[in-house]
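# Chain and residue survey
Residues per chain, in single letters:
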Amino acid sequence: MTDAPSAAGPDSAPTSALRTLLEGLQAGPLGEEIQATIAELYPLCRSITGDGLRASLKILQRTAPLTLQEVPSGTPVLDWVVPREWNLRRARLRGPDGTVLADTDVSNLHVLNYSVPFAGDVSLEELQPHLHSLPEAPELIPYRTSYYQDAWGFCLPHAVRQQLPPGKYRVEIDTTLQDGALSYGELLVPGQEAVEVLVSTHCCHPSLANDNCAGMAMCALLARMLRGLHLRYSYRFLFVPGTIGAITWLARNEATAPRIAHGLVAACVGDKGRLTYKRSRRGTAEVDRAAVHVLQHSGADFEVRDFTPYGYDERQYCSPGFNLAVGSLTRTPYGEYPEYHTSADNLLLVRPENVVDTLRRYLEVFEVLEGNRTYRNLSPKGEPQLGKRGLYGALGGQSHAQARQMAMLWVLNQSDGTTSLLDIAERAKLPFPQVRWAASALEGAGLLAAVASPGRT
Ligand code: ZN
């Protein structure tokens, strides 16, 4: 942040690096880049371990230099153990007449993710318990997993399943489940302070675009954008397989975790639904207030929900032994759009402009966190005369003059050494950047002095 006090007039009050970045965002080119990354990630067969996951992280490395961490199978991680590594060569199901009914070369959703290897002929009766379909969406292939229980299976459209004739079916599931490693990606963008903002996204789903190729692409881009900025906080980006990846990171970083003062879990960031913020377990942490504030001033419809111990990896970060201030900012929440966990969560569902819109809100939340400080009015008896300091007359005739003046009056009136800029923005119902700008201008004029950072709630 370029927070150095300025002696010049209010129009030259320092603008934060994030504000400058936000104002210069080129939605078109960004959207194209996001779309290209999602399209590249989409066909890969990811899982909670394996080469598809590794290849995906390597694709993201071209956007931001995340480090690939490899944790061996069998490693105890909190109450869990890193599982054997799963890899798929191909899985095919053929009917009695040789017709191919499911083939992972067509869609990797066709195999039960983490299927043990199996080859053999089975009757329709023997096959049925191994089939997964959606009667309520008979044309779609469901996404199913069996990570922690040895099983094999196929996922196929219910309409196909209903037509299966009696007879012998040929099952070929060419997978391996062997000791290997769990991979995850990590990148720390250092700031002035060791205090961290966590951005975590899951990267274990196979061909599902919104859940979560879009989240992976957006987070890599966010990391790239923050690198090179002069930041107050350090930003830790995690690209982890769901549940086990977050648990593995927490197990290996118990000493680091308390540095995380604010965090967001990103997923489902590209559908056309409104933005949804799920509060952290703490409920009113600074990140919760910052996210709600940003959504309230976004000019778009949004929803705020309380914490529940279900969803994505906020469940792990908010477990009581860590209780990190980590919320989740998504568009339509998991399970609430009809394409969720089916073959219809494809490249058509994700619109790049929606991902760019979500990305913009993430940056705005960071802007609030970065700029939220507490000040003390150095001329607290009566209103200081703004005109003689160039903070009043200089604004004459400008359309935004009144709004800026109002923000200055709020900051002066509320800055008693205990009230933060976010407190003021909430109370005044003013957008945070305006309040932040007013504080910079007043600080530059010697009317305001920062006190210690706001408490980490
Ligand atoms: Zn999912």
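Fair warning: this is a prediction, and the values are worked out from it, not measured in the lab.

Reading the values: rules and limits
Residues numbered from 1 in each chain as written. Predicted model: local features only at pLDDT ≥ 70, side-chain atom pairs only at ≥ 80, totals over all residues. Heavy atoms only, no water. Phe/Tyr/Trp six-rings, centres within 6.5 Å; stacked < 30°, edge-to-face > 60°. Helix = DSSP H or I, 4+ residues; strand = E, 2+ residues; numbered from the N terminus. Buried < 20%, exposed > 50% of the residue type's maximum accessible area, 1.4 Å probe, protein only. Lys NZ or Arg CZ within 6 Å of the ring centre and 35° of its normal. Donors = N, O, S within 2.8 Å, 3.2 Å for Na, K, Ca; no water. Polar contact = N/O pair within 3.5 Å; in protein donor to acceptor, adjacent residues only side chain to side chain. Pairing = 2+ DSSP bridges. Axes fitted to C-alpha atoms, helices over the stretch in contact; angles between N-to-C directions. Contact = heavy atoms within 4.5 Å. Domains from an automatic or database assignment. Buried area = accessible area lost by both parts, 1.4 Å probe. Salt bridge = Lys/Arg side-chain N within 4 Å of Asp/Glu carboxyl O. Nonpolar A, V, L, I, M, F, W, Y, C, P; charged D, E, K, R; others polar. Expected span 1.5 Å × (residues − 1).

### Quick word on the packing of aromatic side chains
- Within the structure shown, the criterion is met by 11 aromatic pairs.
- On the numbers, 4.6 Å between centres and 10° between planes, the contact of Phe118 with Trp152 is stacked. With Phe118 in strand β6 (residues 118-123) and Trp152 in the loop between β7 (131-132) and β8 (154-155), the pair connects residues that are 34 residues apart, well separated along the chain.
- The exposure class assigned to Phe118 is partly exposed, which follows from its relative accessible area of 27%.
- According to the relative accessible area criterion, Trp152 is buried, its value standing at 10%.
- Between Tyr147 and Tyr148, the aromatic rings sit 5.9 Å apart at their centres with planes inclined by 75°, giving edge-to-face as the arrangement.
- The exposure class of Tyr148 is partly exposed, given its relative accessible area of 45%.
- The structure contains a cluster of three or more aromatic residues connected by ring pairs, namely Trp80, Trp86, Tyr114, Tyr147 and Tyr148.
- If you follow Arg404 out to its NZ or CZ, it ends over the ring of Trp437, 3.9 Å from the centre.

### As for the coordination of the zinc ion
- The zinc ion binds to the protein through His205 (NE2), Asp211 (OD) and His341 (NE2), with metal-donor distances spanning 2.0 to 2.1 Å.
- All donor residues of the zinc ion come from one chain, and their arrangement in sequence is H-x5-D-x129-H. With His205 in the loop between β11 (196-202) and α6 (209-226) and His341 in the loop between β16 (326-330) and α10 (352-371), this pair connects stretches of sequence that are 136 residues apart. Residue His205 shares its accessibility class with His341, and that shared class is buried.

### Comments concerning the side chain of Arg232
- Looking at the secondary structure, you find Arg232 in the loop between α6 and β12 (234-240).
- Given a relative accessible area of 1%, Arg232 falls into the buried group.
- For Arg232, the side chain forms a polar contact with the side chain of Tyr233, separated by 3.4 Å.
- Here the side chain of Arg232 touches Asn372 through a polar contact of 3.0 Å, landing on its backbone oxygen.

### A look at the sheet that holds strand β17 (residues 374-377)
- Taken together, the three strands give an open sheet; going across it, the order is β18-β17-β19, and neighbouring strands pair in antiparallel fashion. Every interior strand has two partners, whereas the edge strands, β18 (416-420) and β19 (448-450), have only one. Strand-to-strand twist in this sheet, taken as the mean axis angle between neighbours without regard to direction, amounts to 35°.
- Sheet analysis places β17 next to β18, joined by two bridges and oriented antiparallel. Across the sheet, residue Thr374 finds its bridge partner in β18, namely Ser420.
- Most of the contacts of helix α12 (residues 421-428) go to β18, to which it runs at about 65°, and overall it touches β17 and β18.
- Of the strands in this sheet, β17 and β19 are in contact with helix α13 (residues 432-444), which crosses β19 at around 110°.

### Remarks on unusual backbone geometry
- Of the consecutive residues Asp211 and Asn212, the connecting peptide bond is found in the cis state with omega at 25°.
- Positive phi, normally seen in glycine, also occurs at Cys268, with a value near 50°.
- Counting through the fold element by element, Cys268 comes out in the loop between β13 (260-266) and β14 (275-278).
- The phi dihedral of His341 falls on the positive side, at around 55°, and the residue is not glycine.
- Owing to a relative accessible area of 17%, His341 belongs among the buried residues under this scheme.

### Details of the domain arrangement of the protein chain
- Here the protein chain is described as being made up of domain 1 (22-82 + 181-370), domain 2 (87-178) and domain 3 (372-452).
- Measuring from the centre of the C-alpha atoms in domain 1 to the corresponding centre in domain 2 gives 31 Å.
- With 21 residues of domain 1 in contact, the opposing surface of domain 2 contributes 14 residues.
- Where domain 1 abuts domain 2, roughly 1400 Å² becomes buried across the two surfaces, and 57% of that area is made up of carbon and sulfur atoms.
- The three residues of domain 1 that bury the most area against domain 2 are Cys45, Ile48 and Ser343, which together make up 30% of that side's buried surface.
- In this assembly, domain 1 and domain 2 are joined by zero salt bridges.
- One can count nine residue pairs in polar contact (both at pLDDT 80 or more) joining domain 1 with domain 2.
- Residues belonging to the side of domain 1 that touches domain 2 are distributed by class as follows: 10 nonpolar, nine polar and two charged.

### Description of the pairing of β17
- Both β17 and β19 contribute to a ladder of three bridges, which runs antiparallel. Pairing of Asn377 across the sheet is with Leu448, part of β19.

### A word on helix α11 (residues 401-414)
- Here α11 spans 20 Å end to end across 14 residues, near enough to the 20 Å set by a 1.5 Å rise per residue.
- All of the buried residues in α11 are Ala401, Arg404, Ala407, Met408, Val411, Leu412 and Gln414.
- For α11, the secondary structure elements touched by its buried residues are β17, β18, α12, α13 and β19.

### Focus on the pairing of β13
- Of all seven residues making up β13, seven are buried, and the element is well covered by its neighbours.
- As paired strands, β11 and β13 are joined by six bridges and run parallel to one another. Within β13, the position partnered with Ser200 by the bridge is Val265.
- Both β13 and β16 contribute to a ladder of four bridges, which runs parallel. When the sheet's bridge partners are listed, Leu264 is paired in β16 with Gly327.

### Here's the deal with the pattern of salt bridges
- For the structure shown, the criterion picks out 31 salt bridges.
- The partner of Arg62 in a salt bridge is Glu40, with the nearest N and O atoms 2.6 Å apart. Residue Arg62 is located in the loop between α3 (51-61) and β1 (67-72), and its partner Glu40 is located in helix α2 (residues 27-41); the two are separated by 22 residues in the primary sequence.
- On the accessibility criterion, Glu40 (34% relative accessible area) is partly exposed.
- In this structure, the salt-bridge partner of Glu353 is Arg351, at a minimum N-O distance of 3.8 Å.
- Of the residues examined, Glu353 reaches a relative accessible area of 49% and is grouped as partly exposed.
- Residue Arg351 is classed as partly exposed on the basis of its relative accessible area, which comes to 34%.
- Salt bridges linked by common partners bring Arg92, Arg94, Asp121, Arg170 and Glu172 together as one network.

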